[in-house]
Amino acid sequence: MEYKVTVLRGDGIGPEIVGEAKKVLKKVAELEGFSLHFQEELFGGAAIDACGEPLPEKTLRACRESDAVLMGSIGGQVGVSPWYKLPVEKRPEAGLLRLRKELGLFCNLRPAKLYPELRAASPLKEEIIGEGFDIMMIRELTGGLYFGEKSLRVENGEEVARDELIYRAHEIERIAKIAFSLAKERGADLVSVDKANVLESSRLWRKIFTEEGEKEKEVVLSHALVDSMAMQLVRNPGKFSVIATENMFGDILSDEMAEITGSLGMLPSASLGEKDFGLYEPSGGSAPDIAGQNMANPLATVLSAAMLLRFSLHEKGAADRVEKAVEKVLQKGFRTKDIFPKQKEEDIVLLSCSEMGDELVKVL
Ligand code: NAD
Ligand code: IPM
Ligand code: MN
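Residues numbered from 1 in each chain as written. Chains lettered and ligands numbered in written order. Predicted model: local features only at pLDDT ≥ 70, side-chain atom pairs only at ≥ 80, totals over all residues.

A. Geometry of the overall build of the protein chain. Helix and strand counts for the protein chain stand at 12 helices and 14 strands. Its C-alpha radius of gyration of 20 Å places the protein chain within 12% of the 21 Å reference for a compact globule of 364 residues. Along the first, second and third principal axes, the C-alpha atoms of the protein chain reach 60 × 50 × 45 Å. A burial count over the protein chain gives 47% of its 364 residues as buried. (Helix = DSSP H or I, 4+ residues; strand = E, 2+ residues; numbered from the N terminus. Rg over C-alpha atoms; globule rule 2.2 N^0.38 Å. Buried ≥ 20, exposed ≤ 12 C-beta atoms within 10 Å, placed from the backbone.)

B. The arrangement of helix H1 (residues 14-32) in detail. Counted at 1.5 Å a residue, the expected span for H1 with its 19 residues is 27 Å, and the 26 Å between its end C-alpha atoms agrees. When H1 is considered as a whole, its buried residues turn out to be Gly-14, Glu-16, Ile-17, Val-18, Glu-20, Ala-21, Lys-22, Val-24, Leu-25, Val-28 and Ala-29. Where H1 is buried, its residues contact strand E1 (2-8), strand E2 (35-40), strand E3 (68-71), helix H10 (299-312), helix H11 (316-331) and helix H12 (353-363). Just downstream of H1 lies Gly-33, where phi reads positive at about 80°. (Expected span 1.5 Å × (residues − 1). Contact = placed C-beta atoms within 7 Å.)

C. Fine view of the site of ligand 2. For ligand 2, the full set of nearby residues is Gly-75, Glu-93, Leu-96, Leu-97, Asp-251 and Ser-283. Broken down by element, the residue count for the shell around ligand 2 peaks at three residues, all from helix H4 (residues 92-102). A breakdown of the residues in the shell around ligand 2 according to their chemical character gives two nonpolar, two polar and two charged. (Near = placed C-beta within 6 Å. Nonpolar A, V, L, I, M, F, W, Y, C, P; charged D, E, K, R; others polar.)

D. Spotlight on the pairing of strand E7 (residues 158-163). When you tally the buried positions in E7, you get zero out of six residues, a small fraction of the element. Looking at chain direction, strand E6 (residues 150-155) and E7 are connected through six bridges and run antiparallel. Looking across to E7, one finds that Val-154 is bridged to Glu-159. Where E6 folds back onto E7 in an antiparallel hairpin, the turn is made up of two residues, including Asn-156, whose phi is positive at roughly 50°. (Pairing = 2+ DSSP bridges.)

E. Focus on the site of ligand 1. Neighbouring ligand 1 are 25 residues; Ser-73, Gly-75, Gly-265, Gly-284 and Gly-285 lie closest to it. Grouping the constituent residues of the shell around ligand 1 by class yields 12 nonpolar, nine polar and four charged.

F. Local environment of the nonpolar core. In terms of nonpolar packing, the biggest core is built from 102 residues, with Leu-70, Ala-179, Met-257, Tyr-280, Val-302, Ala-305 and Val-322 touching the most fellow members. Counting residues per element, this core draws most heavily on H10, at nine residues. Formed jointly, this core draws a minimum of three residues from each of two domains, domain 1 (1-108 + 268-364) and domain 2 (123-260). The residues touching Leu-70, leaving out its near neighbours within four places in the chain, are Val-5, Val-7, Val-18, Ala-21, Tyr-280, Ala-305 and Leu-308. (Core = buried A, V, L, I, M, F, W, Y, C linked by C-beta atoms within 7 Å. Domains from an automatic or database assignment.)

G. Main features of the environment of Asp-134. Here Asp-134 lies in strand E5 (residues 134-140). Separated by 36 residues in sequence, Asp-134 and His-170 place their C-alpha atoms 29 Å apart.

H. Focus on the environment of Ser-192. Inspection of the secondary structure puts Ser-192 in strand E8 (residues 190-194). Look at Ser-192 and you get buried, because 29 C-beta atoms sit within 10 Å. Taking the C-alpha atoms as reference, Ser-192 lies 35 Å from Val-24; in sequence the two are 168 residues apart. When residues no more than four places from it in sequence are discounted, the contact partners of Ser-192 are Arg-206, Phe-209, Leu-221, His-223 and Ala-244.

I. How the structure looks around the UniProt feature "binding site: substrate" (unreviewed entry) in the protein chain. The UniProt record annotates "binding site: substrate" (unreviewed entry) at Arg-100, Arg-110, Arg-139 and Asp-227. These annotated residues cover 128 residues of sequence, and their C-alpha atoms sit far apart, with the largest distance between any two at 26.7 Å. Classification of Arg-100 as buried rests on a count of 20 C-beta atoms within 10 Å. Residue contacts for Arg-100: discarding those within four places in its chain leaves Leu-105, Leu-141, Thr-142, Ser-271 and Leu-279. Take Arg-110: it is sitting in strand E4 (residues 107-113). Discounting residues that sit within four places of it in the chain, Arg-110 has contacts with Met-137, Arg-139, Ser-254, Leu-267, Ser-269 and Ser-283. (UniProt positions renumbered as here; feature names shortened; annotations may be inferred.)

J. Structural detail: the packing of helix H8 (residues 226-235) against helix H9 (residues 247-260). At a minimum axis separation of 10 Å, H8 and H9 run at an interaxial angle of 10°. The pairing of H8 with H9 is recorded here as roughly parallel in orientation. Facing H8, whose interface residues are Val-226, Met-229, Ala-230, Leu-233 and Val-234, H9 presents Phe-249, Leu-253, Glu-256, Met-257 and Ile-260. Split by residue class, the contact of H8 with H9 holds nine nonpolar, no polar and one charged. (Axes fitted to C-alpha atoms, helices over the stretch in contact; angles between N-to-C directions. Parallel < 35°, antiparallel > 145°, perpendicular 65-115°, else oblique.)

K. View of unusual backbone geometry. A positive phi angle is found at Asn-294, which is not glycine, with a value near 50°. Mapped onto the elements, Asn-294 comes out in the loop between strand E12 (278-280) and H10. We note that His-314 has phi near 55°; this positive angle belongs to a residue other than glycine. The residue His-314 is located in the loop between H10 and H11 in this model. Looking at His-314, the number of C-beta atoms within 10 Å reads 13, which means it is partly exposed.

Encoded structure:
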C-alpha cells in the first residue's frame, strides 16, 4: 500500500517535533511493508511569512488530496510576535480553525494516559494517582464559541466585544454518537461535560446526550458541570474513562489532563470527520519558550502519528508498534527535559528531542 501524508511543520517547536514523528513513521513503514509519501506544505506563521496567508489555498488542496495530515503546532508568543499585529483572520490560529472547519473535522480525540514510568512527573500526589488513569476525551471541534459570530465595536464611547456561542442539534448529535460508540468499545461509562446551569447551548447538549443515552442502554451516562469536572480531574482522575465535551471546555480541560500525565508534550490528538481522513497534531502549542533548542518532547507528536496510522491508514500493526516504542523508551529511562524527574533517580537519562526520536527508531 502507498499513502499520501501532507506534513504541516508548524511554528516554534513544530518543525522539531514533526521531524521526529516523520523519522518514526518512515521507519515503521519500512518495517511493516507499506510506503508513505510525505508532502510538506506551508501553514501557520511560516505561511504568513512566506505568502501573507496562514492557510494558503495550495496547502488546503494538498490536505484534501491526501490520506491524512500530520501537523506541528502553530503560532508565536501571543501579543509579542509580529503575527499578532495582523488582522485576526490573517493570524496563525485563524488558519488552524479554518483548516479544521474546511476539512469537516468536528471530532477531536485527546487521550490522556499516565504511563507508569511518569508517575513522578505528574504534579499529582501518589495517593491521588492511585492505580493511574487512561482517559479519552472527545472534544467537539467545529462549533461553539470558536465559530460563532464575533464583533468588536464602540458603543457610547466604550469598546464592546462579542463572541456568540452557538450549537446546532445535529452538531451535538453526531459527536454524541461517537462518544457513545467509543464508550461502548471501551466498556466504559461516559461523562458528558457542560455548563447546563448557565448556558442554553449546554442545556441542548445535555438534552441530546440524554436522548442518545436512552438508545444506548449499554453505556452508563452521567453529566458533570465543567467547573466541577476541572476539580474532579485533579481529585480523582482514575474515576474517568471517556469524557465528551464542547469545543472551548475541551480545549481547557485537555491542557489540564495533559499536565496530570506529566507534560503537555505527552498528549496527542486526532481530528476526525465523517470519513477516514484526519488531521493529527499534538494537543499543546508551539512552545516559543523552548523553540529551536532541540529540547521539546516529541512523544505527543509521535503518538499523534500512531493515531494517524490507526484511524486514517488502518495500519493497526504499525500503530501498535509505535505506541509500544513509546512505552519502551520510557521503560528504558529516557526522558526529555519536561518529564525529567526533579529529584535524582538512577538510570534516568536526559535526551534531546532528536535523541528521543533516534531511540524510538531503535526500539521500533
Ligand atoms: P504552549 O502549549 O505552546 O506551551 C505551554 C507550556 O508547555 C510551555 O512551557 C511549553 O514549553 C510547554 N510545552 C508545550 N509543548 C511541549 C513539548 N512538546 N515539550 C516540552 N514542553 C512543551 O502554550 P502557549 O505558550 O500558551 O502558546 C504558544 C503558541 O501556541 C500560541 O501561539 C498558541 O496560539 C499556540 N497553540 C497552538 C496549538 C496548535 O497548533 N494546536 C495548540 C495550543 C497553542
Ligand atoms: C488546541 C489549540 C487551538 C484551540 C488554538 C491554537 C486555536 O489551543 O488545539 O488546543 O484552541 O483549539
Ligand atoms: Mn489548546
